[in-house]
Amino acid sequence: MITVLTGALLLLSTMYFLSAAFLAVQGGAALFPRRRERPVLPDRCPRLAVVIPAHNESLVIRKTIDSIRSHFPSGGRLLVVADNCTDGTAETALAAGAEVTVRRDADRKGKGYALDHGVRLLEADPPDVVIFIDADCEVEPATVEVLAKSCFATQRPVQARYIMQPSTQIDLFDRISQFAWRVRTFVRPFGAANLGWPCQLMGTGMALPWRAVVGVDLASGHLAEDQKLGADLALAGKLPLFCPDVHVTSRSPVAQEAKRTQRMRWEHGHLALIPDYFPRLIASALRNRNFLLLAFALDLCIPPMSLLLISLVLVQSLNLCWLLLADAVLPFLVSSLALLLLVASLALAWWQFGRDVISLRDMLFAPAYCIARLPSLLLYFVHRQVDWIRTDRV
């Protein structure tokens, strides 16, 4: 019995060690300047279409459209999908110069359905590249053109950097969350890009080859429709690339309840995706001896940082108790190394990329932040969110 329990704890500790080691490799690679050569871009911009899914976004969508149109390549289409709107989103988008299509389907809610609706509308005159931009994002000049050219040159999905600006009302936990967001959406994918590895899709600032986007099923109400799309494309042989040269910017909601809802949707969606896709991705990677697909699968299976830290500390505590009871050293050593790697990776990421976001003193409250996130994470196992809920902007 002692041997069985020791083996189970060793296996569990090894899984956490692999996750921590993978994060350490990504974070370590991000410490160096960009090392991979950029793809050779065509002189002319390919035919492109920008699709903006929008549900009750009349307050922000004009600014988004203006930021895109100010540097929009000639011949491109800018399509807004006014999805189940009850406000003036469609009218505002039309007045701002966008092409607008209205979708009404109360039974099929979610961003994925809106994206599918837009893509199906494009089928009559398909572009070379489709770019998805959220309705609350401002787009840096040249972003659309660079994404389209990079996507067309590589024939792979390309993800821009996604910056989340804090709201005007920000507290300690918001600063910790902002740092975690930077690790997830910049440090990790930038390190992966330096290694020549793929990245996850992030929901906005995504450019996809036409043939790839029509080959996957977009019509779903999945809470993590962006990561699901990335996994479907990876299984189809189209691994996403990270393009840190351009970025799109959004602003986090002001109200605490809106922040909580948004984080829960992201966390529950991500956790639900892991058992659905990780086995298929691993099987395909091993079958085809595809190391890049294996790296994508390992990246996808890393849970939200709060859950990873809390669960690793819990495993470490169990191993310590078992060490004292049964003198089982190896599980404790493996989990200790995993915890050390994870903490060291976060410390280096903070030193290189996070000091403008949060102070070292505030970073010491990260354990309290993780504990505060625990109820939301535990809800996944007892009453997880399954319905897509729009985040209030105010």
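Here's a quick rundown of the structure. Just so it is clear, the structure is predicted and the values come from calculations on it, not from any experiment. (Residues numbered from 1 in each chain as written. Predicted model: local features only at pLDDT ≥ 70, side-chain atom pairs only at ≥ 80, totals over all residues. Heavy atoms only, no water.)

## What to know about the overall build of the protein
- Along the backbone of the protein there are 14 helices and 8 strands.
- The globule rule puts the C-alpha radius of gyration for 394 residues at 21 Å, and the 22 Å found for the protein is close to it.
- Looking at the protein as a whole, 53% of its 394 residues are labelled buried.
- Taking the contacts inside the protein whose residues are at least 6 apart along the sequence as the reference set, 81% of them involve residues at least 24 apart. (Helix = DSSP H or I, 4+ residues; strand = E, 2+ residues; numbered from the N terminus. Rg over C-alpha atoms; globule rule 2.2 N^0.38 Å. Buried < 20%, exposed > 50% of the residue type's maximum accessible area, 1.4 Å probe, protein only. Contact = heavy atoms within 4.5 Å.)

## As for the packing of helix H11 (residues 305-326) against helix H12 (residues 329-354)
- Running from N to C, H11 and H12 point in directions that differ by 150 degrees, and their axes come no closer than 9 Å. By the angle between their axes, H11 is roughly antiparallel relative to H12. Judged by the sense of rotation from one axis to the other, the crossing of H11 with H12 is left-handed. Touching Met-305, Leu-308, Leu-309, Leu-312, Val-313, Val-315, Gln-316, Asn-319, Leu-320 and Leu-323 of H11 are Val-329, Pro-331, Phe-332, Ser-335, Ser-336, Ala-338, Leu-339, Leu-342 and Leu-346, all from H12.
- For the contact of H11 with H12, the residue count by class is 15 nonpolar, 4 polar and no charged. (Axes fitted to C-alpha atoms, helices over the stretch in contact; angles between N-to-C directions. Parallel < 35°, antiparallel > 145°, perpendicular 65-115°, else oblique. Left-handed = near helix turned anticlockwise from the far one by under 90°. Nonpolar A, V, L, I, M, F, W, Y, C, P; charged D, E, K, R; others polar.)

## Quick look at unusual backbone geometry
- Here Ala-142, not a glycine, exhibits a phi torsion of approximately 75 degrees, which is positive.
- Residue classification places Ala-142 among the partly exposed positions, given a relative accessible area of 35%.
- A positive phi angle is found at Gln-155, which is not glycine, with a value near 55 degrees.
- Tracing the backbone through its elements, the reader meets Gln-155 in the loop between helix H5 (143-154) and strand S6 (158-165).

## Structural notes on helix H8 (residues 225-235)
- In terms of residue burial, H8 counts as a mostly covered element, since 10 of its 11 residues are buried.
- Among the residues trailing H8, Gly-237 stands out with phi positive, at a value near 90 degrees.

## Considerations on the packing of helix H1 (residues 2-30) against H12
- For the pair H1 and H12, interaxial distance at closest approach is 8 Å and the crossing angle is 20 degrees. Comparing their axes, H12 and H1 come out roughly parallel. Note on packing geometry: the crossing formed by H1 with H12 is left-handed. Residues Thr-6, Leu-9, Leu-10, Ser-13, Thr-14, Tyr-16, Phe-17, Ala-20, Ala-21, Leu-23, Ala-24 and Ala-30 of H1 pack against Leu-330, Pro-331, Val-334, Ser-335, Leu-337, Ala-338, Leu-341, Leu-342, Ser-345 and Phe-353 of H12.
- A breakdown of the residues in the contact of H1 with H12 according to their chemical character gives 17 nonpolar, 5 polar and no charged.

## Description of the side chain of Gln-316
- Checked against the element boundaries, Gln-316 lands in helix H11.
- Setting aside its immediate chain neighbours within four residues, Gln-316 contacts Phe-332, Ser-335, Ser-336 and Leu-339.

## Digging into a nonpolar patch on the surface
- Residues Leu-11, Leu-12 and Met-15 make up a contiguous nonpolar surface patch of roughly 280 Å² in combined accessible area.
- On the secondary structure map, Leu-12 appears in helix H1.
- Overall, the relative accessible area of 31% leaves Leu-12 in the partly exposed class. (Patch = residues over 30% accessible without salt bridge, like charges linked within 9 Å, V, L, I, M, F, W, Y side chains within 5 Å. Areas by Shrake-Rupley, 256 points an atom, 1.4 Å probe, with all protein chains shown as cover. Salt bridge = Lys/Arg side-chain N within 4 Å of Asp/Glu carboxyl O.)

## With respect to the sheet that holds strand S2 (residues 77-83)
- Spatial strand order, S3-S2-S1-S4-S7-S6-S8-S5: 8 strands in an open sheet with mixed pairing. For this open sheet the edge positions go to strand S3 (99-103) and strand S5 (138-139), each flanked by a neighbour on one side alone. (Pairing = 2+ DSSP bridges.)

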